Structures are given as C-alpha cells and as structure tokens.
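# Inside the fold
What follows is each chain in one-letter form.
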Amino acid sequence: MDNNIQTGKFRFSVDRGGTFTDVYAEVPGKKGFEVVKLLSEDPANHPDAPREGIRRILEKITGQPFSRNAFSAEKIEWIRMGTTVATNALLERKGADTVLVTTAGFPDLLEIGNQTRPEIFDLEIRKPALLYKTVIEVDERVRLKRPDDDLSDALLAEIVTGIHGEKFVVLKKPDPEEIYRQLKQAFDQGIRSAAIVFLHAYAFAEHEKIAGKIARQIGFTQISMSHQVMPMVKMVARGDTTLVDAYLTPHIKQYLKSFKAGFSDSLQDTRLLFMQSDGGLVSADSFKGSNAILSGPAGGVVGYAMTTWSASEKRPVIGFDMGGTSTDVSRFAGDFERVHETRTAGVRIQAPQMHIKTVAAGGGSRLFFRNNMFEVGPESAGAHP
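Just so we're clear, the structure is a prediction, and the values are computed from it rather than from any experiment.

### Topic: helix H8 (residues 235–261)
With 27 residues, H8 extends 38 Å from end C-alpha to end C-alpha; this agrees with the ideal 39 Å at 1.5 Å per step. At Leu-248, H8 is deflected by roughly 35 degrees, the largest bend along its length, and proline Pro-250 occurs up to four residues later in sequence. Counting buried residues along H8, 19 of its 27 residues qualify, which places the element largely inside the surrounding structure.

### Quick notes on the pattern of salt bridges
Per the counting criterion, the structure on display carries 17 salt bridges. Glu-77 is paired through a salt bridge with Arg-11; the nearest N and O atoms lie 3.0 Å apart. Taken together, the residues Glu-77 in strand E4 (residues 76–83) and Arg-11 in strand E1 (residues 10–16) connect sequence positions 66 residues apart. Relative accessible area serves as the criterion here: at 30%, Glu-77 is assigned to the partly exposed category. The class for Arg-11 is partly exposed, based on a relative accessible area of 32%. As a salt-bridge pair, Glu-375 and Arg-370 come within 2.9 Å of each other at their nearest N and O atoms. Salt bridges sharing common partners tie together Glu-52, Arg-55, Arg-56, Glu-59 and Arg-68.

### Describing the packing of helix H5 (residues 176–188) against helix H6 (residues 206–218)
Look at H5 against H6: their axes get within 10 Å of each other, and the N-to-C directions meet at 45 degrees. Relative to H6, H5 is oriented oblique. For the crossing formed where H5 meets H6, the hand is right-handed. Of the residues in H6, those in contact with Pro-176, Ile-179, Tyr-180, Leu-183, Lys-184 and Phe-187 of H5 are Ala-211, Ile-214, Ala-215 and Ile-218.

### A look at the side chain of Thr-83
Within the fold, Thr-83 resides in strand E4. Separated by 3.0 Å, the side chain of Thr-83 and the backbone nitrogen of Val-85 make a polar contact. Excluding anything up to four places from it in sequence, Thr-83 contacts Arg-16, Phe-274, Phe-287, Ala-292, Ser-295 and Gly-296.

### Here's the deal with the confidence of the model for the chain
Looking at the chain, pLDDT values average 87 and 96% of them are 70 or higher. Of all the helices and strands in the chain, helix H1 (residues 3–7) carries the lowest mean pLDDT, 61, while strand E10 (residues 193–197) carries the highest, 97.

### Some words on a nonpolar patch on the surface
Taken together, the side chains of Ile-318, Phe-320, Met-322 and Val-329 present a nonpolar region at the surface, about 420 Å² in accessible area. Here the nonpolar patch gets 3 residues from one element, more than from any other, and that element is strand E14 (residues 317–322). With respect to the helices and strands, Val-329 occurs in strand E15 (residues 327–332). Here Val-329 falls in the partly exposed class, since its relative accessible area comes to 35%.

### Some points on the packing of aromatic side chains
Per the stated rule, a full pass over the model turns up 12 aromatic pairs. Measuring from ring centre to ring centre gives 5.7 Å for Phe-66 and Phe-71, while their planes differ by 85 degrees; the resulting arrangement is edge-to-face. Taking 6.1 Å as the distance between ring centres and 25 degrees as the angle between the ring planes, the aromatic pair formed by Tyr-255 and Phe-259 counts as stacked. Of this pair, Tyr-255 and Phe-259 both sit in helix H8, separated by 4 residues, roughly a single helical turn. Each member of the pair Tyr-255 and Phe-259 is classed as buried. Aromatic ring contacts, followed pair by pair, group Phe-66, Phe-71, Tyr-255, Phe-259 and Phe-263 into a single cluster. Over the face of the ring belonging to Trp-78 we find Arg-80, whose NZ or CZ atom lies 3.9 Å from the ring centre.

### Re the sheet that holds strand E6 (residues 134–138)
Strand order in the open sheet formed by 4 strands is E6-E5-E10-E11, with parallel pairing between adjacent strands. The open sheet terminates on both sides in strands that have one partner only, identified here as E6 and strand E11 (222–225). Strand after strand, the sheet turns through a mean of 20 degrees between neighbouring axes, direction not considered. Bridge analysis of E10 against E11 gives 4 bridges, and the strand direction is parallel. Bridge pairing in E11 links Ala-194 to Ile-223. Sheet contacts for H5: strand E5 (98–103) and E6; angle to E6, the most-contacted strand, approximately 175 degrees. Packed on one face of the sheet, H6 meets E10 and E11 and runs near 180 degrees to E11.

### Some remarks on the nonpolar core
Residues Phe-12, Ile-54, Ile-79, Phe-259 and Phe-263 are the most contacted members of the largest nonpolar core, which totals 65 residues. Tallying contributions element by element places H8 first for this core, with 11 residues. Not counting chain neighbours up to four residues away, the residues in contact with Ile-54 comprise Phe-12, Val-23, Phe-71, Ile-76, Ile-79, Phe-259 and Phe-263. If you look at the next biggest cluster of nonpolar residues, it comprises 20 residues, including Ile-136, Ala-186, Ile-191 and Ile-218.

What counts, and where the lines are drawn
- Residues numbered from 1 in each chain as written.
- Predicted model: local features only at pLDDT ≥ 70, side-chain atom pairs only at ≥ 80, totals over all residues.
- Heavy atoms only, no water.
- Helix = DSSP H or I, 4+ residues; strand = E, 2+ residues; numbered from the N terminus.
- Expected span 1.5 Å × (residues − 1).
- Bend = angle between axes of the 7 residues up to and from the residue.
- Buried < 20%, exposed > 50% of the residue type's maximum accessible area, 1.4 Å probe, protein only.
- Salt bridge = Lys/Arg side-chain N within 4 Å of Asp/Glu carboxyl O.
- Axes fitted to C-alpha atoms, helices over the stretch in contact; angles between N-to-C directions.
- Parallel < 35°, antiparallel > 145°, perpendicular 65-115°, else oblique.
- Left-handed = near helix turned anticlockwise from the far one by under 90°.
- Contact = heavy atoms within 4.5 Å.
- Polar contact = N/O pair within 3.5 Å; in protein donor to acceptor, adjacent residues only side chain to side chain.
- pLDDT = per-residue confidence, 0-100.
- Patch = residues over 30% accessible without salt bridge, like charges linked within 9 Å, V, L, I, M, F, W, Y side chains within 5 Å.
- Areas by Shrake-Rupley, 256 points an atom, 1.4 Å probe, with all protein chains shown as cover.
- Phe/Tyr/Trp six-rings, centres within 6.5 Å; stacked < 30°, edge-to-face > 60°.
- Lys NZ or Arg CZ within 6 Å of the ring centre and 35° of its normal.
- Pairing = 2+ DSSP bridges.
- Core = buried A, V, L, I, M, F, W, Y, C linked by side-chain atoms within 4.5 Å.

What follows is the structure in structure tokens.
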C-alpha cells in the first residue's frame, strides 16, 4: 500500500439527496476523486448511504476490511455534507409534531400570513398545510413606551429596556403555572417540539425565556425561541422561521445521531460539517432546521460556480438540479445571489439563503388521480418505494 495512504487522512464530501447519495473522497497522495453513488435508502444493502459510501471507498483504497455496522473514523480528517433531509421533510410535511406558543390574541397569525396573494385570480386557492399541531396562547403583552405615556398610571408601572436600548412597557406578565398546564397537555399528547413566538420578543425576550424554561422542565426535546432563531421585527416571518426550526431540527438531529452511531468512535476526532442554505459550512452541532432548507442545492450552486463560470467571458450560468423529490433552479453571474426572506413549500423563511427556486416536483414524484384530475407530488416514491 502507498505510504501516503497508510499515514495520510481521507477527506469526504457527501451529497445526500432524497433518492441518490454521492460520496466523493480526496485520497491522500493522489490527484482527483474517488466517487461512489448509492440509493439513499436501501435497507437490504446498507443502513445509511453516506456511511456506506465512505466505507466502500476506504475498503477499496486501503485494501482493509471495514465493518458494515460500525467502523473507526481514524483515517478520516473531515466529512462535509450537503443534504436534502430537511428540504424533503418540509416538502412532504414529515417533520416533528410541534406546538406553537404565542401571544394571546394571535393564534391564527401564521395561518393568515401577510396577505400576499401571488395568484389573485385563481378560483381555487389551496393553502399549504400548517406545520404546527396545536396552538397555546399565553396571556403576555409588552409594547414600546411612547413619549406621552403617563408614568403615574398603574398600568405603566413596569418599564424595561430592550436588547437594543428601546424602552418597553410590560402590560401583562405571563403566568408560569398556566403555561405549565397548557404545555403539559401538549406534552401528554405526544408533542415534543415547541416553537415560541411572542409579539415583541425580537427586542424583549424575557417572556419567551420563561416559556422556554418551563418547556425544558416538562421534557420537550426541541425548543425554538424566536429571539434566538431570527430576532427580526416582523412577527409573521419571524414566527414562520421559528416554526420551521422547531419542525425540522428534530428530524436533522435524528439523522445526525444515526449517522454518528455508525462509527465506532462516533466521529470524536473527525470534523463533521454541513452545508447551510447560505452556502457556508457549519459544524454538525450547530446545524438546525431554519438554516438547512437549501443545504443540498446550495452546495450545487457553489460547485457549478467554481467549475463553469468564466471570469473572462462573464456569461451568467443557470443551474438546474432535478432530484427525486424536488427541482432546484439557480443562477450565477460572478457573485453568489442571496436573499433574506423566501417562500419554500408555502412557508415563509427569514434567513440568509442562496437565491434558489425550489418546487416539489422531482424525478420520483408520485402521480395521483384526485377529484377527476391528475396531480403530481409533493409525495415522492423515494429511493425505497
């Protein structure tokens, strides 16, 4: 065996799609890549496609056997992965059961949205399915302090300072016992994910922290608070982004857990990085639902920008990526185009993202006959129908 291979370490890049998974390896001491393509789900042959691809390449190059169940990652320097796990879960509405905790009087705010009507003349408007299972209204309220406020008024007794120095009046503090009672009811229904979105939490987060602490005490495993996920003024976009985070992050965590479990050392000494929607890499522990929607497609944009763009000709490049579940279209004209508010699968997301248009129609989309007409998707046959 080549001495470089004996002493060096492998670097893996993984593109895990809904139907196929591609694994690329930089082999120490060699130019080019080793590539393996597998079905993303194939229970008869492997428990996890990215891990199986890595195992096969290691066996081929080193000539040593590696267990299918769990093998050491001591020869791996890093693994960089782009995945459509979150994208497909959102498109097919297969995320975690989630409870929305919001300010009293606003339980339907995210369903109503911002009144945008892209197909205003359509005679049959179809609203996308809601991501949350149930809603809890918390009787809490703060508002910005006005210059003409009469501070002698008993209702204006408590003035607090917001994150950015603004003065807020606390009109109503939340009742911890009532929050506990309502959250416990949701927990008893089997819900383990909570999205907490209060009216002015972008600047005054204390009330969200109270609800988050109670949810943690009860045993919720995923708690997404809007002041942490996306502390922006607009409650609708902030709420939608927080809801997406609560809905998808458990799905991502479950996948990460199963992926790491396939290595005997749980990747303790190997860097595991994931592509985010904005085209940047982040450690696995920081990878979350609100930044994972375009993880796979964003990697494709970075890839074709580096390989097909000509700085001398400066001709724009169009990217078209049809996977098994979704189709992604993007453009590169010298600089990465990013947006901060998008709509994916009918859900508004306020987070930095590559400017990619995604539709729920891929090569594996299923055809249905409903109401005397044919419909395509969003359900996909997947890699293992």
